[in-house]
Number of protein chains: 2
Amino acid sequence: MKLPQGFVGAACVAGLKSTGALDLTLIENTGPTFFGTAVFTSNKVIAAPVIWSKQVVKDQIVRAVVLNSGGANACTGPQGFADTHATAELVGDLLEVSSGEVVVCSTGLIGELLPMTKIESGIRSIASELKSESLQECAQAIMTTDSVPKIAQASLGKVEVAGIAKGAGMLAPALATMLSVVMTDGLVGSNAAEIFAQVTDRTYNRIDSDGCTSTNDTVLFMASGASGQTLSDSELEDLLMKVCGSLAAQLIEDAEGSTKSVAITVNNAVSEKDAVEVGRACARNNLLKAAIFGGDPNWGRVLAAVGTADAHMDPLTIDVALNGVQVCSNSAPDADKSKVDFSNRLVEIVIDLKVGKASATVMTNDLSHDYVHENSAYST
Amino acid sequence: MKLPQGFVGAACVAGLKSTGALDLTLIENTGPTFFGTAVFTSNKVIAAPVIWSKQVVKDQIVRAVVLNSGGANACTGPQGFADTHATAELVGDLLEVSSGEVVVCSTGLIGELLPMTKIESGIRSIASELKSESLQECAQAIMTTDSVPKIAQASLGKVEVAGIAKGAGMLAPALATMLSVVMTDGLVGSNAAEIFAQVTDRTYNRIDSDGCTSTNDTVLFMASGASGQTLSDSELEDLLMKVCGSLAAQLIEDAEGSTKSVAITVNNAVSEKDAVEVGRACARNNLLKAAIFGGDPNWGRVLAAVGTADAHMDPLTIDVALNGVQVCSNSAPDADKSKVDFSNRLVEIVIDLKVGKASATVMTNDLSHDYVHENSAYST
């Protein structure tokens, strides 16, 4: 699969992963435009590459992004930041661009320095091999506990949009980080950064495995303009929603340690923000998520989770449907809960707050034995 | 074991639990004073007995409390509230006190009506058997998934304080509710309610298994004055800290599905509130708790959890010690993490924020296979 016009990339085995899998990738935007913007983790403790990349995207010019799996370079002190800086400098030298236009992303274990000799050697090897036909290998090189690479594409006329992603919040929880790079060859307008932030808020930010935000989450968007076709704001939004929406859904589907995908739809909230708050309160409730793992139609746990949300509600008039069965009306039992069918992977919870007109859907997973297993045996 | 002077109680098998264990208890304060105050769940969705009992304690006069396990009477609509009302009326009639002075507490599955015939029959049988020697059976009757009854006592001169408790936040997570009754025969002053609220905040509210607040949590304090001895505010505070602190510790020790008790101490925060916020952020972080279950000294997860707290911090200067080993200094690796010994049940995490002078300790448990197991197979 090809990158959109104007982009070239490559990946290699730098030797960061003990498995010998692809673990380093470099993508260059060859222009003619070099628009770049990003959304980063909301965690206060952020990794060296995030500290660096926040500065890079400030002027909305990004010439290249280098990403490694096999190490997060988080909580690594001044040496960790120096390593990120050296990485960007090397990429800048090899591609003959400013290091200040090179985004760096890392994912893996926190608290350990990266093996810089391996990273520098890897970058030197791929910088001379950059090619258009590299979407698949770039997606593979950022994988950690992901079982498949995540790729999404969309087009409109001559414009192509392509994206890759790994992890998600803590969806692939052992490695804790979501990284995503979205590229287009369309020409974008001055609202592109704002549009991308809004799309991120409605896609990646509505998948929530366990509420644990990582030190490294980075979602990058770049536009080369190489197609020569200008995208209106609404066209850009539609294309980004398709690509980012697809990547978010793929992340949920592949979440390790999960047996169920859970779609929590909150209707008739006072505001979309309130609807998301209520959805998130359910998505982060261990008791509810364990009940779903067990195929237990315990709607009381839905109400108990809703009641913890910082949102306007009338606690006595809430309705809950589980997979289409109206198990709770006006906060009291309704249909026989034994009628709820949990045989599909997807579990749909619909909560009607009846206090407004806003809606939102938050996606999560169940809390399973495997989640505990994978996260209790990671670094050692 | 005896109740403090002025209190009489009894418990019975009303038949609410399928196991045939004690499941209903009644405690009466025979005076001469009838002081009562309570702290309830912060959940917006609250059970019928909580709606009722909030009204009862408003005037700080409580003559009796009736508690049942085997059913939460939460999310049960108008009939559920009518059942709580009928329960208080019956107790009031039998004890010849106002129903408006009878606190009602329930714990068990949400969303199902209580078998009122069994409850009424049980109340009638125990109301005539109230006795001083009943602390143990009262503690047993409120147990749900608890493996042992929780009882604590303290004394000062002629004054006795005794308390019972079950569950904790979601520590005994299958049943989701913490109930506690604390009694004294001391004479208490006009600040007693405020003192009890503060003690609750520093004991029960600092044990946090999974952040899931229940619909039924109730912590009740009653004073009979029967000893004739007046307690100063500081004497009352000391006695309550002893009893409530002991009960909170017992709840952590007995938390089902846990293999480790975890004490998270946050030092040098700007405020005690900030210290508690940071401690709670760690206590609720599934990734950290799963690492502790696995005996994995993954201090990066401590920092990632700290970074999600709504508290003042400098992300680059945080220290972390695990069981006495300074694994992280200034947010970067320090001592060899393989030196951390996880062989004891207690795991001590000390976080130094270095931005102020306030401290707090929050207690939690690890996230284990058994937690998932118990909570995925509850109602069905």
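As shown above, the structure is provided for reference.
A few points on the structure. (Residues numbered from 1 in each chain as written. Chains lettered and ligands numbered in written order. Predicted model: local features only at pLDDT ≥ 70, side-chain atom pairs only at ≥ 80, totals over all residues. Heavy atoms only, no water.)

### A short note on the overall build of chain A
Broken down by element type, chain A carries ten helices and 15 strands. Relative to the globule expectation of 21 Å for 380 residues, the C-alpha radius of gyration of chain A, 21 Å, shows essentially globular dimensions. Expressed as lengths along the three principal axes of its C-alpha atoms, the size of chain A is roughly 65 × 50 × 35 Å. In chain A, which comprises 380 residues, the share counted as buried stands at 61%. By element, 50% of the accessible surface of chain A is carried by carbon and sulfur atoms, the whole surface being about 12800 Å². Of the side chains in chain A, 26 bear a positive and 43 a negative charge, and the two mean positions are spaced by 2 Å. (Helix = DSSP H or I, 4+ residues; strand = E, 2+ residues; numbered from the N terminus. Rg over C-alpha atoms; globule rule 2.2 N^0.38 Å. Buried < 20%, exposed > 50% of the residue type's maximum accessible area, 1.4 Å probe, protein only. Areas by Shrake-Rupley, 256 points an atom, 1.4 Å probe, with all protein chains shown as cover. Lys, Arg positive; Asp, Glu negative; His and termini not counted. Charge placed at Lys NZ, Arg CZ, Asp CG, Glu CD.)

### Some words on the packing of aromatic side chains
All names here are of chain A. Applying the stated rule across the entire model yields six aromatic pairs over all chains. Ring centres 6.0 Å apart and planes at 70° place the aromatic pair Phe-35 and Phe-221 in the edge-to-face group. Note that Phe-35 is positioned in strand 3 (residues 35-40) and Phe-221 in strand 9 (residues 218-223), a separation of 186 residues in sequence. When sorted by exposure, Phe-35 lands in the same class as Phe-221, which is buried. Between Phe-196 and Phe-221 the ring centres are 5.2 Å apart and the planes differ by 20°, which places this aromatic pair in the stacked class. (Phe/Tyr/Trp six-rings, centres within 6.5 Å; stacked < 30°, edge-to-face > 60°.)

### Section: the sheet that holds strand 4 (residues 64-69) of chain A
Residues and elements named next belong to chain A. Spatially, the four strands line up as an open sheet ordered 1-2-4-5, and their pairing is mixed. The sheet is open, and its two borders are formed by strand 1 (7-12) and strand 5 (102-107), each paired with just one other strand. Taken over all neighbouring pairs, the strand axes of this sheet differ in orientation by 10° on average, direction set aside. Sheet analysis places strand 4 next to strand 5, joined by six bridges and oriented parallel. Within strand 5, the position partnered with Ala-64 by the bridge is Val-102. Against the sheet, helix 3 (residues 116-127) contacts strand 1, strand 2 (24-29) and strand 4, and its axis sits at roughly 45° relative to strand 2. (Pairing = 2+ DSSP bridges. Axes fitted to C-alpha atoms, helices over the stretch in contact; angles between N-to-C directions. Contact = heavy atoms within 4.5 Å.)

### As for the sheet that holds strand 12 (residues 325-329) of chain A
All names here are of chain A. Judged by pairing direction, the sheet is mixed, and its six strands sit side by side in the order 13-12-11-14-10-15 without closing on themselves. The sheet terminates laterally at strand 13 (332-333) and strand 15 (358-365), the two strands that pair on one side only. Those strands touched by helix 9 (residues 299-306) are strand 11 (319-322), strand 12, strand 13 and strand 14 (346-352), and its axis lies near 130° from that of strand 11.

### Side note on the relation of the copies chain B and chain A
Relative to chain A, chain B is turned by 180° and slid 0.0 Å along the rotation axis, the superposed coordinates differing by an RMSD of 0.0 Å. The superposition of one copy onto the other is thereby described by a two-fold rotation axis. Within chain B, the C-alpha atom positioned nearest to the axis of rotation is that of His-369 of chain B, 2.7 Å from it. A shared interface surface links the copies, since 100% of the contact residues of chain B are contact residues in chain A too. (Least-squares fit on C-alpha atoms with pLDDT ≥ 70 in both.)

### Description of the interface of chain B and chain A
If you look at the interface, chain B gives 55 residues, while chain A gives 56 residues. At the boundary of chain B with chain A, total buried surface from both sides reaches about 4300 Å², with 60% on carbon and sulfur atoms. Interface area lost by chain B to chain A is led by Lys-44, Asn-286 and Leu-287 of chain B, which between them contribute 14%. On the surface where chain B and chain A come into contact, there are two salt bridges. With a closest N to O distance of 3.6 Å, Glu-112 of chain B and Lys-337 of chain A form a salt bridge. Put simply, chain B and chain A have eight residue pairs in polar contact (both at pLDDT 80 or more) between them. Broken down by secondary-structure element, the contributors of at least two residues to the side of chain B that touches chain A are helix 8 (286-293), helix 9 (299-306), strand 13 (332-333) and helix 10 (369-376) of chain B. Here the residues of the side of chain B that touches chain A sort into 27 nonpolar, 21 polar and seven charged. (Buried area = accessible area lost by both parts, 1.4 Å probe. Salt bridge = Lys/Arg side-chain N within 4 Å of Asp/Glu carboxyl O. Polar contact = N/O pair within 3.5 Å; in protein donor to acceptor, adjacent residues only side chain to side chain. Nonpolar A, V, L, I, M, F, W, Y, C, P; charged D, E, K, R; others polar.)

### Considerations on the pattern of salt bridges
The full count for this structure, using the stated rule, is 16 salt bridges over all chains. Residues Asp-319 of chain B and Lys-354 of chain B are paired through a salt bridge, measuring 2.8 Å at the closest nitrogen-oxygen approach. With Asp-319 of chain B in strand 11 (residues 319-322) and Lys-354 of chain B in the loop between strand 14 (346-352) and strand 15 (358-365), this pair connects stretches of sequence that are 35 residues apart. A relative accessible area of 11% means that Asp-319 of chain B is categorised as buried. Relative accessible area serves as the criterion here: at 37%, Lys-354 of chain B is assigned to the partly exposed category. When salt bridges with common partners are traced through the structure, they connect Asp-146, Lys-150 and Asp-254 of chain A into a single cluster.

### A closer look at the pairing of strand 7 (residues 159-166) of chain B
Residue and element names in this part refer to chain B. Counting buried residues in strand 7 gives seven out of eight residues, a clear majority hidden from the surface. In this structure, strand 6 (residues 150-156) lies alongside strand 7, joined through seven bridges in antiparallel fashion. Residue pairing for strand 7: Ala-152 is matched across the bridge by Gly-163. Adjacent in sequence and paired antiparallel, strand 6 and strand 7 are bridged by two residues, among which Gly-157 carries a positive phi angle near 65°. Where strand 7 and strand 8 (residues 179-184) come together, six bridges link them in antiparallel fashion. Of the residues in strand 8, the one forming a bridge with Ala-165 is Ser-180.

### A look at the packing of helix 2 (residues 77-95) of chain B against helix 3 (residues 116-127) of chain B
Residue and element names in this part refer to chain B. Relative orientation of the contacting elements helix 2 and helix 3 amounts to 20°, with a least axis distance of 10 Å. Between helix 2 and helix 3, the interaxial angle falls into the category roughly parallel. Our pair here, helix 2 against helix 3, has a crossing hand that is right-handed. Contact residues: helix 2 offers Asp-83, Ala-86, Thr-87, Leu-90, Val-91, Leu-94 and Leu-95, while helix 3 offers Met-116, Ile-119, Glu-120, Ile-123, Arg-124 and Ala-127. (Parallel < 35°, antiparallel > 145°, perpendicular 65-115°, else oblique. Left-handed = near helix turned anticlockwise from the far one by under 90°.)

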